[in-house]
Amino acid sequence: ITDSEAAPRPRQALRALGAAYADGDTDLAWTRISLWRGLLAAALDQATAEPVTSATVTGASDSPSTDLLAAWLALTLDCPVSRSRRPPGTGLSSVRLDRESGPLQLGRPEGDVATLTQPGQPERRVALPRRNNPECLAEELRRLDPDDIYGEVVTAGLERLEAAAAATTSARRGGSA
């Protein structure tokens, strides 16, 4: 059990975790987004069965949890995912999933309450507290089997996300990817 958020360079720590991943490895940065992943999955399960065409995950530039959530969405939804950066120390703040009928948005700008908006439904306020280290550690110790999804995210999802970001940057500069 590691905590890439505690590393001096969280993004480099995530790359190192992906390169050396072994069954049973986990990161508290992944555990911190369990509630986000659950809410997004539940919202998509309740929505009409239409594909997500793109996604944007917004969070602090130094937030490995934001990177992991974006990588998870890229793998799970098989769509382009962009990572929007906020100032360091602000954590994960929002996710936008674009669909033909309109966006599904989950945002928690500050505090412990988030807002979930979906086309054709009233805005919902949902509890989404920031998770502390003891709480995350307790969750990890309850689950001692390998987390296959985390393994895929840290080994393949982050790579996919970085490749997409590099292609976008290259396209903006007028180069080819």
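Here's what I pulled together on the structure shown here. Computed from a predicted model, the values in this text were never measured in an experiment. (Residues numbered from 1 in each chain as written. Predicted model: local features only at pLDDT ≥ 70, side-chain atom pairs only at ≥ 80, totals over all residues. Heavy atoms only, no water.)

## Focus: the packing of helix 3 (residues 34-46) against helix 4 (residues 64-77)
At a minimum axis distance of 11 Å, the contact between helix 3 and helix 4 shows a crossing angle of 30 degrees. By the angle class used here, helix 3 and helix 4 are roughly parallel. You can see that helix 3 and helix 4 cross each other, and the crossing is right-handed. Where helix 3 abuts helix 4, its residues Trp-36, Arg-37, Leu-40 and Leu-44 lie against Leu-69, Trp-72 and Leu-77. The residue makeup of the contact of helix 3 with helix 4, split by class, is six nonpolar, no polar and one charged. (Axes fitted to C-alpha atoms, helices over the stretch in contact; angles between N-to-C directions. Helix = DSSP H or I, 4+ residues; strand = E, 2+ residues; numbered from the N terminus. Parallel < 35°, antiparallel > 145°, perpendicular 65-115°, else oblique. Left-handed = near helix turned anticlockwise from the far one by under 90°. Contact = heavy atoms within 4.5 Å. Nonpolar A, V, L, I, M, F, W, Y, C, P; charged D, E, K, R; others polar.)

## Details of helix 1 (residues 10-19)
Listing the buried residues of helix 1 in full gives Pro-10, Ala-13, Leu-14, Leu-17 and Gly-18. An end-on view of helix 1 places all buried positions within 140 degrees of arc, on one side of the element. (Buried < 20%, exposed > 50% of the residue type's maximum accessible area, 1.4 Å probe, protein only. Arc of directions from axis to C-beta.)

## Describing unusual backbone geometry
We note that Asp-78 has phi near 50 degrees; this positive angle belongs to a residue other than glycine. Relative to the helices and strands, Asp-78 resides in the loop between helix 4 and strand 2 (81-86). A relative accessible area of 58% places Asp-78 in the exposed class.

## Some details on helix 4
Counted at 1.5 Å a residue, the expected span for helix 4 with its 14 residues is 20 Å, and the 20 Å between its end C-alpha atoms agrees. Buried residues dominate helix 4, accounting for eleven of its 14 residues. Those residues of helix 4 not exposed but buried are Pro-64, Ser-65, Thr-66, Asp-67, Leu-68, Leu-69, Ala-70, Ala-71, Trp-72, Leu-73 and Ala-74. Trailing helix 4 by a residue or two, Asp-78 shows a phi angle of about 50 degrees, which is positive. (Expected span 1.5 Å × (residues − 1).)

## Examining the packing of helix 1 against helix 4
Packing of helix 1 against helix 4 leaves a shortest axis separation of 9 Å and a crossing angle of 50 degrees. Between helix 1 and helix 4, the crossing angle belongs to the class labelled oblique. In the crossing of helix 1 with helix 4, the sense of the turn from one axis to the other is right-handed. Between helix 1 and helix 4, the residues in contact are Pro-10, Arg-11 and Leu-14 and Pro-64, Asp-67 and Leu-68, respectively. The class makeup of the residues in the contact of helix 1 with helix 4 is four nonpolar, no polar and two charged.

## Considerations on the side chain of Ser-93
Relative to the helices and strands, Ser-93 resides in strand 3 (residues 92-99). Contacts of Ser-93, omitting those with residues within four sequence positions, involve Trp-36, Thr-58, Gly-59, Arg-86, Leu-106, Gly-107, Arg-108 and Pro-109.

## Here we look at the environment of Gln-46
Of note, Gln-46 is situated in helix 3. Since its relative accessible area comes to 53%, Gln-46 is described here as exposed.

## A few points about the packing of aromatic side chains
The geometry of an aromatic ring pair is captured by two quantities: the separation of the ring centres and the angle between the planes. Scanning all chains against the criterion turns up two aromatic pairs. Ring plane angle 55 degrees and centroid distance 5.7 Å describe the contact between Trp-30 and Tyr-150, whose orientation is recorded as tilted. Note that Trp-30 is positioned in helix 2 (residues 28-31) and Tyr-150 in helix 6 (residues 148-172), a separation of 120 residues in sequence. Judged by relative accessible area, which is 1%, Tyr-150 ranks as buried. The aromatic ring of Trp-30 is capped on one face by Arg-37, whose charged end is 3.9 Å from the ring centroid. (Phe/Tyr/Trp six-rings, centres within 6.5 Å; stacked < 30°, edge-to-face > 60°. Lys NZ or Arg CZ within 6 Å of the ring centre and 35° of its normal.)

These results come straight from atomic positions and should not be treated as a statement about function.
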